[in-house]
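Architecture at a glance
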Amino acid sequence: MATATATATWRYRGDPEGERPAALVRFANGRLERPESLQFTVYRNRDSAHPRKRHRRILVSETERLCYVGHNFGSQVMRCNSLCRYFVGVLDKSSGQMDVYNAEMFNMQPLLSDNVMPDDTKDYQTKSYREKMDLCIEAFGTSKQKRALSSRRMNAVGSDIVSTAVTKAAANVIDAKGVTGLMQDMAQDDVQNISAFLPPCHEDAQRPEHVYRFEDILSAAEYEALRVPAAALASITAEEMAKRAEERSLCSFVLEELKFLPTDEKSRDHKARCLWFLDTLIKFSQQKVIKKKHPMGPECPHIISKKLMKNFTSLTYNNGSIQNLISASMKAKITAYAIALALHINNFQTDLTVLQNDLKLSESRILDIAKALRLKVSKAKGVPGLENDQSHKLGTLSLPLPTQKAPEGQRKRKKMS
């Protein structure tokens, strides 16, 4: 390949550093006949604060036949610039003095495309923001950005192939089973998924309190650890309850039950411990990603914090670290244990609507979990002052347990009026 070397001297306007004021250019496709007739234009990166981008330059020259472009970065950069230094001397014949400038070698490549700046920009204007950014990356992006662009395009093609395959497979399954069969399978799977996160159920129990045993919800050591934090609830006054209600520092279910604490000291302490753990469980369910070592604060006993993290969170990998996440399935598990504990507090009959509001769930979701717990659901007048005295759903655990059935199809959606 023939080469020709010419020298172009230029200075950066407004560049106080003046680190590279001259360039040596080499044309890769031929020998110059009149190098003095060439005009050069230099472009520099706007990001002057970036330590690497601030030195990036693009040198452009145009002849009657071709346009030439050279870079001092990217795949076209010449290795000689990193191995040695170049200088250009400019002799002032009148004074006999020579000024010496730092210089870089640019390999000028012909730009063969005649459509770099098309006169008709309608096609460009119709492109999306993503497509325009991709064009910029193709022209000026770093090697890493170009590799990422190529990888993303390949993944997009792979996703289209997978989507086509999945659509075809789904069509085959629908043809084989039919829509009705698939709906029944989905309903059965939903019941099974919920059942996997329920407290242990003893179907052969002779008494309601033995169906979901208290020790399966709170162990003896965990119950003992609740004695100190629950003491404040056991001795709460009417003024303190009013203040807690105003501050909303306790959930509605616990506030209502505190009004009916037993006078017997032992029973009062037991109910206070259960209410304190239920309130903590409900507050814990409102979090998404657990980032703290003690998510419920220092007043929460260590054994309780450990129980919450171990039993009611799932591990996930994100940004190079392992995190504890309260997923949808963990939220269902928390709800099931909260209902089971509320049954022990309320003599195995509890207001599901109040729990639904505290847990911030839809009515259909909490009813599905209640039915999976084998509760009988009925309508009951709600507690005055809660949700405009709406009609509440009451869940009752009684023997014999009702047969567990998969819901028949989907619920009908309410028509919008």
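Residues numbered from 1 in each chain as written. Predicted model: local features only at pLDDT ≥ 70, side-chain atom pairs only at ≥ 80, totals over all residues. Heavy atoms only, no water.

1. Details of the overall build of the protein
- Across its full length, the protein carries 14 helices and 13 strands.
- In the protein, which comprises 417 residues, the share counted as buried stands at 35%.
- A sequence separation of at least 24 residues applies to 58% of the contacts in the protein between residues at least 6 apart.
- Counting every atom, the protein has about 27,500 Å² of accessible surface; 51% of that belongs to carbon and sulfur. (Helix = DSSP H or I, 4+ residues; strand = E, 2+ residues; numbered from the N terminus. Buried < 20%, exposed > 50% of the residue type's maximum accessible area, 1.4 Å probe, protein only. Contact = heavy atoms within 4.5 Å. Areas by Shrake-Rupley, 256 points an atom, 1.4 Å probe, with all protein chains shown as cover.)

2. Remarks on the packing of helix α10 (residues 265–285) against helix α11 (residues 302–311)
- Axis separation between α10 and α11 bottoms out at 12 Å; the angle between their running directions is 40°. Considering their axes alone, α10 and α11 lie oblique with respect to each other. By crossing handedness, the relation of α10 to α11 is classed as right-handed. Side by side, α10 and α11 meet where F277, T280, L281 and F284 of the first sit next to I304, K307, L308 and M309 of the second.
- A breakdown of the residues in the contact of α10 with α11 according to their chemical character gives six nonpolar, one polar and one charged. (Axes fitted to C-alpha atoms, helices over the stretch in contact; angles between N-to-C directions. Parallel < 35°, antiparallel > 145°, perpendicular 65-115°, else oblique. Left-handed = near helix turned anticlockwise from the far one by under 90°. Nonpolar A, V, L, I, M, F, W, Y, C, P; charged D, E, K, R; others polar.)

3. Concerning the packing of helix α13 (residues 352–359) against helix α14 (residues 363–372)
- Two elements in contact, α13 and α14, have axes separated by 10 Å at closest approach and are oriented at 120°. One finds that α13 runs oblique with respect to α14. In terms of crossing hand, the pair formed by α13 and α14 is right-handed. Contact residues: α13 offers L352, L355 and Q356, while α14 offers E363, I366, L367 and A370.

4. Some details on the pairing of strand β6 (residues 86–92)
- In this sheet, strand β7 (residues 97–111) lies alongside β6 in antiparallel orientation, the contact comprising seven bridges. The residue of β7 that forms the bridge with Y86 is A103.
- Connecting β6 to the next strand, β7, in antiparallel fashion are four residues, including G96 with a positive phi near 75°. (Pairing = 2+ DSSP bridges.)

5. Some thoughts on the pairing of β7
- The pairing of strand β2 (residues 22–27) with β7 spans six bridges and is classified as parallel. When the sheet's bridge partners are listed, R26 is paired in β7 with N107.
- Both strand β5 (residues 67–71) and β7 contribute to a ladder of three bridges, which runs antiparallel. Paired with V69 across the bridge in β7 is Q109.

6. What to know about the packing of aromatic side chains
- Taken as a whole and judged by the stated rule, the model has two aromatic pairs.
- With centroids separated by 5.8 Å and ring planes inclined at 85°, the aromatic side chains of F214 and Y223 adopt a geometry described as edge-to-face.
- A relative accessible area of 17% means that F214 is categorised as buried.
- Taken together, a centroid distance of 5.4 Å and an interplanar angle of 85° make the contact between F312 and Y337 edge-to-face. Separated by 25 residues along the polypeptide, F312 in the loop between α11 and β9 (314–318) and Y337 in helix α12 (residues 328–345) bring together distant segments of the chain.
- A relative accessible area of 2% places F312 in the buried class.
- Judged by relative accessible area, which is 11%, Y337 ranks as buried.
- Sitting above the plane of the F73 ring, R56 keeps its charged end 5.2 Å from the centroid.
- Its guanidinium or amino end placed over the ring of F312, K333 lies 5.6 Å from that ring's centre, counting from NZ or CZ. (Phe/Tyr/Trp six-rings, centres within 6.5 Å; stacked < 30°, edge-to-face > 60°. Lys NZ or Arg CZ within 6 Å of the ring centre and 35° of its normal.)

7. With respect to the pattern of salt bridges
- Applying the stated criterion to the full structure yields eleven salt bridges.
- R207 serves as the salt-bridge partner of E209, at 2.6 Å between the closest nitrogen and oxygen.
- Given the relative accessible area of 23%, E209 is considered partly exposed.
- Given the relative accessible area of 47%, R207 is considered partly exposed.
- The closest approach of N and O atoms between E256 and K259, which form a salt bridge, is 3.3 Å. (Salt bridge = Lys/Arg side-chain N within 4 Å of Asp/Glu carboxyl O.)

8. A look at the nonpolar core
- Membership of the largest hydrophobic core comes to 64 residues, with the highest contact counts inside it found for F253, L258, L281, F284, I339, L341 and L397.
- Mapped by element, the contributors of at least two residues to this core are α5 (214–217), α7 (227–234), α9 (252–258), α10, α11, α12, α13 and α14.
- For this core, the element with the highest residue contribution is α12, accounting for twelve residues.
- Dropping the residues within four chain positions of it, F284 is found in contact with I290, P295, M296, L308, M309, F312, T313, I326 and I334. (Core = buried A, V, L, I, M, F, W, Y, C linked by side-chain atoms within 4.5 Å.)

9. Comments concerning unusual backbone geometry
- For the bond running from L399 to P400, omega is 0°, close enough to zero to count as cis.
- Structurally, P400 is set in the segment after β13 (391–396).
- Here the phi dihedral of R374 falls at roughly 70°; this positive angle occurs in a residue that is not glycine.

10. Here's the deal with the side chain of K307
- Here K307 shows up in helix α11.
- With near-sequence residues (within four places) excluded, K307 lies in contact with I217, L218, E222, F277 and F312.

11. So, the confidence of the model for the protein
- Put simply, the protein has an average pLDDT of 78, and 75% of its residues get 70 or more.
- Contacts from residues 1–20, a stretch scored under 50 in pLDDT, to residues over four places away or in other chains number 54 contacts.
- Per-residue pLDDT stays below 50 along residues 114–119; that stretch engages in one contact with residues further than four places along the chain or on separate chains. (pLDDT = per-residue confidence, 0-100.)

12. Remarks on the environment of D358
- Note that D358 resides in helix α13.
- The spacing of D358 and S285 is 73 residues in sequence and 9.8 Å in space, taken between C-alpha atoms.
- Setting aside residues no more than four positions away along its own chain, D358 makes contact with C251, S252, F253, I282 and Q286.

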